[in-house]
Amino acid sequence: MKYLKIVLVFVIVLLFNSLSFAAGAKSMCIDCHNKVTPGVVKQHLEGKMSKKGVDCSSCHGSEHKKMDDAKLAKMPTPETCAGCHKKQVDQFKSGKHHLGWIASSAMPMWAHQPKAVVGEGYKGCSSCHKIGVKSDVEKTMYRYGNAQCDSCHTRHSFKKSEAQDPRACQTCHMGFDHPQWEMWSTSKHGTIWQIEGAKGKRAPTCQTCHMQDGNHGVMTAWGFLALRLPEDDKDWLNDRVTILQALGVLDEKGNPTARLDVVKAGKVARLTKEDFQKERDKMINVCSKCHGASYAKKQLEAGDMVIKDVDKVFATAIRVVQGLYRDGVLQKPADWTFAPDLLQFYEAKSSIEQDLYLMFLEYRMRTFQGAFHMNPDYMHWYGWAPMKETLQKIKDEAVKLRAEKTSAKQ
Ligand code: HEC
Ligand code: HEC
Ligand code: HEC
Ligand code: HEC
Ligand code: HEC
Ligand code: HEC
Ligand code: HEC
Ligand code: HEC
């Protein structure tokens, strides 16, 4: 008993010491930063972490102490958080967000963009994709933007409540090729959420479906490109092979290219039936908390069929353009490995391929993403309808290009 008391006193003394030490460090950074960056200090003090003794130095180290040595301050990465939040960091690393940089910087058009778009200016691709981890070399080249975790609960308050709000996702999940924000917020789900407010639990938010039980490892069955392998449906497989060829993942003969390694490294597609089904089951499970399981299953299967239908339209358009290359009407640019190459995005060198790019990144995306987010207008008028319209444009343009080529020969 006596022994226990001594240990207890010892522990209390230790605790007191470490707390007073933390308080000391706190005042050192905070005293000065109250003048230098008062906003940062205010947010830090508002957040939960400061109330539990977390100090500026817990994330930035304590080497920098003076007005003129700020470069000694360390910038955090998820490893910094992992010391205290291992669970969230491990989950995050198993999901797609962690791979956001790898996937985007592997695009062949990346190298052709100015630094403001793809570099540390964080004005374009890099601004959203910095949610992913950079390579070890890039990490040392970039002073800022390696934190990743501040994407949903922003610094320096790092609020859980902010991250739980679907608006935390909208900056990135909006617009041209992934308007999940617009689709969800105008669907019945989002409408109910807007009417009844964040406290209402009737309607699902992004987090309800994609971060179940607060799990930080986001991943869907189909993914961004909606290209799964293997495929049992022969007709659909045939269309998918055409699309994979236009992506340069399969060559003309249908054999995998080096780009398949990027697909694997970035988990861009589900490559086994088990991987697909695992994510699908998780999703049906969440729908079933409010709807009947058969209703939910039917809804998602209707989404799958939308992909099949839209792939037919897309593959038809691709074949028209492939034919122009085969017959020498279009010439492969010298520095391209594949043509047509959908991964060149808006760097495409002819207007017919610019149309193909719109089908790929804007209309096809909206068709199936709209179907999965219960948004009939996006699925139809922003997706399916322009798919059909653009296919006709591509066919007409091909006839014109062929006629020009023939008359040039005569
Ligand atoms: C004597 C004043 C002073 C003290 C003490 C101080 N800082 Fe600073 N700190 C500054 C100034 C000045 C800057 C530069 C602000 C700017 O970018 O213009 C700065 C910048 C920073 C930056 C940003 C660095 C960058 O490259 O953008 C971090 C992070 C930082 N301080 C953290 C800390 C931490 C942690 C402590 C305590 C261990 C601390 N500071 C103590 C004055 C101070
Ligand atoms: C829980 C971790 C954490 C704590 C605690 C923390 N910071 Fe930061 N801080 C970050 C992250 C994350 C970034 C963003 C780094 C990046 O862009 O790579 C950052 C960036 C900064 C920057 C540069 C960016 C900007 O907005 O100016 C300054 C200055 C800064 N912190 C000061 C402080 C000060 C002062 C404190 C204490 C009052 C503090 N930080 C406490 C995590 C933290
Ligand atoms: C020294 C340990 C430590 C470090 C390092 C740390 N945290 Fe925390 N964090 C805590 C503690 C303690 C809490 C409060 C837990 C509680 O009260 O439930 C907390 C809470 C949080 C919360 C929940 C806040 C809320 O509103 O409920 C978030 C989000 C968070 N931390 C993010 C981060 C991120 C991101 C980093 C890295 C940039 C980080 N933390 C680094 C200790 C730490
Ligand atoms: C800073 C930008 C950013 C924010 C904020 C953000 N995301 Fe993402 N998200 C991305 C990027 C970039 C990707 C693609 C990652 C990749 O390349 O694999 C992605 C991918 C995803 C995926 C995986 C899709 C697939 O391929 O299977 C889901 C699901 C997702 N995000 C949900 C969310 C949710 C929910 C939120 C809000 C709680 C959110 N995201 C906030 C940028 C962001
Ligand atoms: C507004 C934020 C934003 C910008 C800007 C942005 N992206 Fe993305 N990107 C995302 C989000 C969010 C996703 C995931 C969308 C989804 O799964 O529906 C994504 C997905 C991707 C993917 C697919 C990753 C995968 O594994 O499925 C690639 C590749 C990509 N983006 C490359 C780029 C490139 C290259 C640029 C610049 C030309 C760019 N992105 C600009 C937010 C952005
Ligand atoms: C895509 C958005 C997003 C990103 C990125 C993100 N978080 Fe979170 N975080 C959330 C959401 C949503 C919650 C609330 C989960 C819940 O409802 O339980 C949360 C909650 C937390 C909590 C509080 C957990 C609790 O139960 O109180 C911590 C700690 C945390 N996150 C740490 C991190 C760390 C560390 C990272 C980087 C590896 C990170 N988060 C990146 C969305 C995000
Ligand atoms: C009712 C559940 C639900 C809600 C709410 C929801 N999603 Fe989804 N989301 C889905 C389903 C279902 C899929 C397709 C899953 C599959 O591949 O089988 C999906 C797919 C995605 C994808 C992959 C590309 C795509 O669109 O098909 C991203 C990224 C995504 N959702 C982000 C978000 C964001 C951000 C929000 C909030 C603005 C949101 N989702 C709201 C159910 C939901
Ligand atoms: C938190 C509860 C909740 C979750 C989870 C949820 N929903 Fe809903 N959903 C609703 C409510 C409430 C409505 C509006 C009333 C109704 O139609 O049942 C609705 C409406 C819908 C509608 C429109 C119905 C119509 O007749 O216009 C569809 C489709 C739908 N949900 C599908 C899904 C799918 C698929 C999932 C899973 C990916 C899902 N929901 C997850 C609550 C939920």
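Rules used throughout
Residues numbered from 1 in each chain as written. Chains lettered and ligands numbered in written order. Predicted model: local features only at pLDDT ≥ 70, side-chain atom pairs only at ≥ 80, totals over all residues. Heavy atoms only, no water. Donors = N, O, S within 2.8 Å, 3.2 Å for Na, K, Ca; no water. Tetrahedral: all angles 85-135°; square planar, octahedral: opposite > 155°, others 65-115°. Helix = DSSP H or I, 4+ residues; strand = E, 2+ residues; numbered from the N terminus. 1 Å grid on protein atoms, 1.4 Å probe; cavity = no way out; pocket = protein on both sides within 12 Å on 5 of 7 lines; lining within 4 Å. Points joined across faces, edges and corners; volume = space filled by probe spheres on them. Nonpolar A, V, L, I, M, F, W, Y, C, P; charged D, E, K, R; others polar. Domains from an automatic or database assignment. Contact = heavy atoms within 4.5 Å. Buried area = accessible area lost by both parts, 1.4 Å probe. Polar contact = N/O pair within 3.5 Å; in protein donor to acceptor, adjacent residues only side chain to side chain. Near = heavy atom within 4 Å. pLDDT = per-residue confidence, 0-100. Buried < 20%, exposed > 50% of the residue type's maximum accessible area, 1.4 Å probe, protein only. Arc of directions from axis to C-beta. Expected span 1.5 Å × (residues − 1). Salt bridge = Lys/Arg side-chain N within 4 Å of Asp/Glu carboxyl O.

1. Here's the deal with the coordination of the iron atom of ligand 2
Part 1 of the argument: Donor atoms from the polypeptide that bind the iron atom of ligand 2 are His 60 (NE2) and His 156 (NE2), placed at 2.0 Å.
Part 2 of the argument: For the iron atom of ligand 2, the 6 donor atoms in the first shell make angles of 88 to 179° at the metal, so the coordination geometry reads as octahedral. Of the two residues, His 60 is situated in helix α4 (residues 56–60) and His 156 in the loop between α10 (136–141) and α11 (160–164); the sequence distance between them amounts to 96 residues.

2. Concerning the layout of surface pockets
Part 1 of the argument: Here the second largest pocket defines a volume of roughly 360 Å³.
Part 2 of the argument: Around the second largest pocket sit Gln 245, Leu 250, Asp 251, Glu 252, Gln 322, Tyr 325, Arg 326, Lys 332, Thr 337, Phe 338, Ala 339 and Pro 340, which together line it.
Part 3 of the argument: Here the lining of the second largest pocket gets 3 residues from one element, more than from any other, and that element is helix α19 (residues 293–326).
Part 4 of the argument: Taken together, the residues of the lining of the second largest pocket sort by class into 5 nonpolar, 3 polar and 4 charged.

3. Some thoughts on the coordination of the iron atom of ligand 4
Part 1 of the argument: Every protein donor of the iron atom of ligand 4 is accounted for by His 97 (NE2) and His 173 (NE2), and the metal-donor separations fall at 2.0 to 2.1 Å.
Part 2 of the argument: Each of the 6 donor atoms around the iron atom of ligand 4 contributes to a set of angles spanning 85 to 180°, which defines the coordination as octahedral. One end of the pair, His 97, is in the loop between α6 (86–94) and α7 (100–105); the other, His 173, is in the loop between α12 (167–170) and α13 (180–186), with 76 residues separating them in the sequence.

4. A look at empty space enclosed by the protein
Part 1 of the argument: Throughout the structure, instances matching the rule amount to 2 cavities of 30 Å³ or more.
Part 2 of the argument: Quantified by volume, the largest cavity comes out at close to 60 Å³.
Part 3 of the argument: As for the largest cavity, its lining consists of Trp 336, Pro 340, Asp 341, Leu 342, Phe 345, Ala 348, Glu 353, Leu 356 and Tyr 357.
Part 4 of the argument: Tallied by class, the residues present in the lining of the largest cavity amount to 7 nonpolar, no polar and 2 charged.
Part 5 of the argument: Estimates place the volume of the second largest cavity at around 30 Å³.
Part 6 of the argument: Lining the second largest cavity are Ile 192, Trp 193, Glu 196, Gly 197, Gly 200, Lys 201, Arg 202 and Ala 203.

5. Some remarks on the domain arrangement of the protein chain
Part 1 of the argument: Looking at the assigned domains, one finds that the protein chain contains domain 1 (78–145) and domain 2 (220–409).
Part 2 of the argument: Distance from the C-alpha centre of domain 1 to the C-alpha centre of domain 2: 26 Å.
Part 3 of the argument: Contact with domain 1, which involves 9 residues of that partner, is made by 14 residues of domain 2.
Part 4 of the argument: Counting the surface domain 1 buries against domain 2, the share from its top three residues, Lys 96, Pro 108 and Met 109, is 42%.
Part 5 of the argument: In this assembly, domain 1 and domain 2 are joined by 3 residue pairs in polar contact (both at pLDDT 80 or more).
Part 6 of the argument: Counted by class, the side of domain 1 that touches domain 2 contains 5 nonpolar, 3 polar and 1 charged residues.

6. A look at the site of ligand 3
Part 1 of the argument: Around ligand 3, the structure places 13 residues, and the nearest of them are Met 49, Cys 81, Cys 84, His 85 and Lys 160.
Part 2 of the argument: Of all the elements in the fold, those that place two or more residues in the shell around ligand 3 are α3 (48–51) and α5 (78–82).
Part 3 of the argument: Broken down by class, the residue content of the shell around ligand 3 amounts to 6 nonpolar, 3 polar and 4 charged.

7. Observations concerning the confidence of the model for the protein chain
Part 1 of the argument: For the protein chain, the average pLDDT comes to 93, and 93% of its residues sit at 70 or higher.
Part 2 of the argument: Across residues 6–25, confidence stays below pLDDT 50; counting only partners more than four residues off in sequence or on other chains, it has 3 contacts.

8. Details of the site of ligand 8
Part 1 of the argument: In the region of ligand 8, 14 residues are neighbours, and His 189, Arg 202, Cys 287, Cys 290 and His 291 sit closest.
Part 2 of the argument: Taking His 189, its side chain carries an N or O atom lying 2.8 Å from a nitrogen atom of ligand 8.
Part 3 of the argument: The contact in question runs from a nitrogen atom of ligand 8 to an N or O atom on the side chain of His 291, over 2.8 Å.
Part 4 of the argument: Listing elements by their share of the shell around ligand 8, those giving two or more residues are α14 (188–196), α18 (273–287) and α19.
Part 5 of the argument: Broken down by element, the residue count for the shell around ligand 8 peaks at 3 residues, all from α18.
Part 6 of the argument: Classifying every residue of the shell around ligand 8 by side-chain character gives 9 nonpolar, 3 polar and 2 charged.

9. Thoughts on the environment of Thr 186
Part 1 of the argument: Considering the arrangement of structural elements, one finds Thr 186 in helix α13.
Part 2 of the argument: Residue Thr 186 is classed as exposed on the basis of its relative accessible area, which comes to 55%.
Part 3 of the argument: It is 30 Å that separates the C-alpha atoms of Thr 186 and Ala 315, two residues lying 129 residues apart in sequence.
Part 4 of the argument: Those residues in contact with Thr 186 that lie beyond four places of it in its chain are Thr 191 and Asn 375.

10. Concerning α14
Part 1 of the argument: Of all the residues in α14, the buried ones are Gly 190, Ile 192 and Trp 193. The arc that holds the buried residues of α14, viewed along the axis, is 160°, so those residues lie on one side. Of the exposed residues in α14, those oriented more than 90 degrees away from the buried face are Lys 188, Gln 194 and Ile 195.
Part 2 of the argument: The elements touched by buried residues of α14 are α12 and α13.
Part 3 of the argument: In this structure Ser 187 caps α14, since a side-chain oxygen of it lies 3.2 Å from the backbone nitrogen of His 189.
Part 4 of the argument: Immediately downstream of α14, the backbone of Gly 197 shows phi near 80°, a positive value.

11. Considering α19
Spacing of three or four residues puts side chains on the same side of an α-helix, whose turn is 3.6 residues.
Part 1 of the argument: Its 34 residues give α19 an end-to-end C-alpha distance of 48 Å, which sits within 8% of 50 Å, the value for a rise of 1.5 Å per residue.
Part 2 of the argument: One or two residues past the end of α19 sits Gly 328, with phi positive at roughly 75°.

12. Some details on the pattern of salt bridges
Part 1 of the argument: Evaluated as defined, the whole model comprises 25 salt bridges.
Part 2 of the argument: One salt bridge in this structure joins Glu 79 and Lys 93, with 2.6 Å as the shortest N-O distance. On the criterion of sequence distance, the pair formed by Glu 79 in helix α5 and Lys 93 in helix α6 is long-range, its members being 14 residues apart.
Part 3 of the argument: Note that Glu 347 and Lys 349 form a salt bridge whose closest N and O atoms lie 3.9 Å from each other.
Part 4 of the argument: Members of the salt-bridge network, linked through shared partners, are Asp 235, Asp 239, Lys 312 and Arg 319.

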